Structures are given as structure tokens and as C-alpha cells.
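Overview (structure and organization)
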Amino acid sequence: MSENKIHLKIITPEKIVYENDVDSIYAQGEAGSFGILPNHIPFMAALAIGTAKAEISGETINFSIIGGAFQFKNNEAIILTEVAEIGSDIDVTRAQLAKERAEAKLGNASTQHDIKIANAALARAMARLKAASK
Ligand code: ATP
């Protein structure tokens, strides 16, 4: 691997969502947001439901990342997650409808379990809307 690039792979159980050599990566960890540049020391983080971005020659690619794990070593970065989308592939209408459904469910939720499920659906929809809007 080049000393000035990071080989990024975003993998779900179903497919490789994205694979490319990038200049930098930013993501949202459970413990806060972080950025990685080439030659960073080995690093691991649990990922929140949120967004990530990669920069390549001044161009930014945005992603929605539905939790999972981030691993970086020797300029190889892996995001292993149940679900992820590239911002430009996101169906904004679907995400907006999912957001409205989740908000309605939150309004009607009567148990902690219902609140947790609705909050998770809302976080997925918000991550998609954010990744698609950039
Ligand atoms: P919805 O209620 O719209 O199905 P969801 O949050 O329940 O949303 P997930 O279970 O997280 O959806 O994802 C199921 C599959 O649908 C995954 O493959 C995911 O990439 C895809 N997906 C979900 N929402 C969108 C969207 N707005 N645009 C593109 N793909 C989406």
C-alpha cells in the first residue's frame, strides 16, 4: 500500500459497498467522531449509527453507516457493518418516509423497547438523509 493513501473497504454481510484508495476517512464512533490520515497508528473503534466520509483528491464521498466496527492498520481501513450505503445511492424519499414513520412510532411508544426500536429507526433515517444531502 502506498504511504500516502489508505485502502478503504466498507463491507456488509451481503456485499462490498465501497472499496478504493482514499486520502482520509472520517467516521462517527460510539465514543465520538474521528479522522484517519495515512500512516496513522493501528486503531479500532465501535461505530455509531451515523455517517462517514472519505476524501479522494479533493472529492468527498459520503456514506451512511449503520453501526459496526472500524479497523485501521498498515494503511488498510475496514468498516464492517450490517448495513451501509453510498450517499449518492440513497433513496431520499424512502429515508424521509422512514423518518416520519419512526417519529410517529416514537410519539405512540408505550414501552422502553418500542422507544429503543423507534429511536434506532430514526437514527438510520437521519444518517441516510445526512449522507444523501452532502
Ligand atoms: P426502511 O424502513 O425504509 O426499510 P430501514 O432502516 O428499516 O428503512 P434497513 O433495515 O436498515 O432499512 O435496510 C434494509 C436494506 O435497505 C439495506 O440493504 C439498506 O441498504 C437498504 N436501504 C434502507 N433504506 C434505504 C434508502 N433510503 N436508500 C437506499 N437503500 C436503503
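Residues numbered from 1 in each chain as written. Predicted model: local features only at pLDDT ≥ 70, side-chain atom pairs only at ≥ 80, totals over all residues. Heavy atoms only, no water.

Side note on the pairing of strand 4 (residues 32-36)
In terms of strand pairing, strand 3 (residues 24-29) meets strand 4 through five bridges, oriented antiparallel. The residue bridging glycine 29 from the neighbouring strand is glycine 32, located in strand 4. Between strand 3 and the antiparallel strand that follows it, strand 4, lie two residues. (Pairing = 2+ DSSP bridges. Helix = DSSP H or I, 4+ residues; strand = E, 2+ residues; numbered from the N terminus.)

Focus: the domain arrangement of the protein chain
With domains assigned, the protein chain is organised as domain 1 (6-87) and domain 2 (91-133). Distance from the C-alpha centre of domain 1 to the C-alpha centre of domain 2: 23 Å. For the pair domain 1 and domain 2, the summed buried area comes to about 660 Å², and 69% of that belongs to carbon and sulfur atoms. When residues of domain 1 are sorted by the area they lose upon contact with domain 2, Ile49, Thr51 and Ile66 head the list and together hold 52% of the total. (Domains from an automatic or database assignment. Buried area = accessible area lost by both parts, 1.4 Å probe.)

So, the packing of aromatic side chains
A complete count under the given rule lists four aromatic pairs for this structure. With centroids separated by 5.0 Å and ring planes inclined at 65 degrees, the aromatic side chains of phenylalanine 34 and phenylalanine 70 adopt a geometry described as edge-to-face. Placement of the pair is phenylalanine 34 in strand 4 and phenylalanine 70 in strand 6 (residues 59-73), with a sequence separation of 36 residues. The structure contains a cluster of three or more aromatic residues connected by ring pairs, namely Phe34, Phe43 and Phe70. (Phe/Tyr/Trp six-rings, centres within 6.5 Å; stacked < 30°, edge-to-face > 60°.)

Overview of unusual backbone geometry
A positive phi angle, close to 70 degrees, is found at asparagine 39, a residue other than glycine. One can find asparagine 39 in the loop between strand 4 and strand 5 (43-56). Assessed through its relative accessible area of 52%, asparagine 39 is described here as exposed. You will see that asparagine 75, though not glycine, has its phi angle at about 60 degrees, which is positive. (Buried < 20%, exposed > 50% of the residue type's maximum accessible area, 1.4 Å probe, protein only.)

With respect to the packing of helix 1 (residues 92-108) against helix 2 (residues 112-133)
Close contact between helix 1 and helix 2 brings their axes to 8 Å; oriented N to C, the two are set at 155 degrees. Classified by the interaxial angle, the pair formed by helix 1 and helix 2 is roughly antiparallel. The two elements helix 1 and helix 2 cross, and the hand of that crossing is left-handed. In this structure, helix 1 contributes Val92, Ala95, Gln96, Ala98, Lys99, Ala102, Glu103, Lys105 and Leu106 to the contact, and helix 2 contributes Ile115, Ala118, Asn119, Ala121, Leu122, Ala125, Met126, Arg128, Leu129 and Ala132. Across the contact of helix 1 with helix 2, the residue classes break down as 13 nonpolar, two polar and four charged. (Axes fitted to C-alpha atoms, helices over the stretch in contact; angles between N-to-C directions. Parallel < 35°, antiparallel > 145°, perpendicular 65-115°, else oblique. Left-handed = near helix turned anticlockwise from the far one by under 90°. Contact = heavy atoms within 4.5 Å. Nonpolar A, V, L, I, M, F, W, Y, C, P; charged D, E, K, R; others polar.)

Considering the layout of surface pockets
Considering only enclosed or pocket space, the largest pocket measures out at about 320 Å³ in volume. Lining of the largest pocket is provided by 14 residues; of these, Glu85, Arg94, Ala95, Ala98 and Arg128 occupy positions nearest its centre. Going through the elements one at a time, helix 1 and helix 2 are the ones with two or more residues in the lining of the largest pocket. In terms of residue count, the dominant contributor to the lining of the largest pocket is helix 1 (six residues). When its residues are assigned to classes, the lining of the largest pocket shows six nonpolar, no polar and eight charged. (1 Å grid on protein atoms, 1.4 Å probe; cavity = no way out; pocket = protein on both sides within 12 Å on 5 of 7 lines; lining within 4 Å. Points joined across faces, edges and corners; volume = space filled by probe spheres on them.)

Observations concerning the nonpolar core
Ranked by internal contacts, the top residues of the largest apolar core, which has 24 residues, are Leu8, Ile10, Tyr18, Val22, Phe63, Ile65 and Phe70. When contributions to this core are tallied by element, the ones reaching two or more residues are strand 1 (6-11), strand 2 (16-22), strand 3, strand 4, strand 5, strand 6, strand 7 (76-80) and strand 8 (84-86). The residues touching phenylalanine 63, leaving out its near neighbours within four places in the chain, are Ile10, Tyr18, Gly50, Thr51, Ala52, Lys53, Ala54, Glu85, Ile86, Gly87 and Ala131. (Core = buried A, V, L, I, M, F, W, Y, C linked by side-chain atoms within 4.5 Å.)

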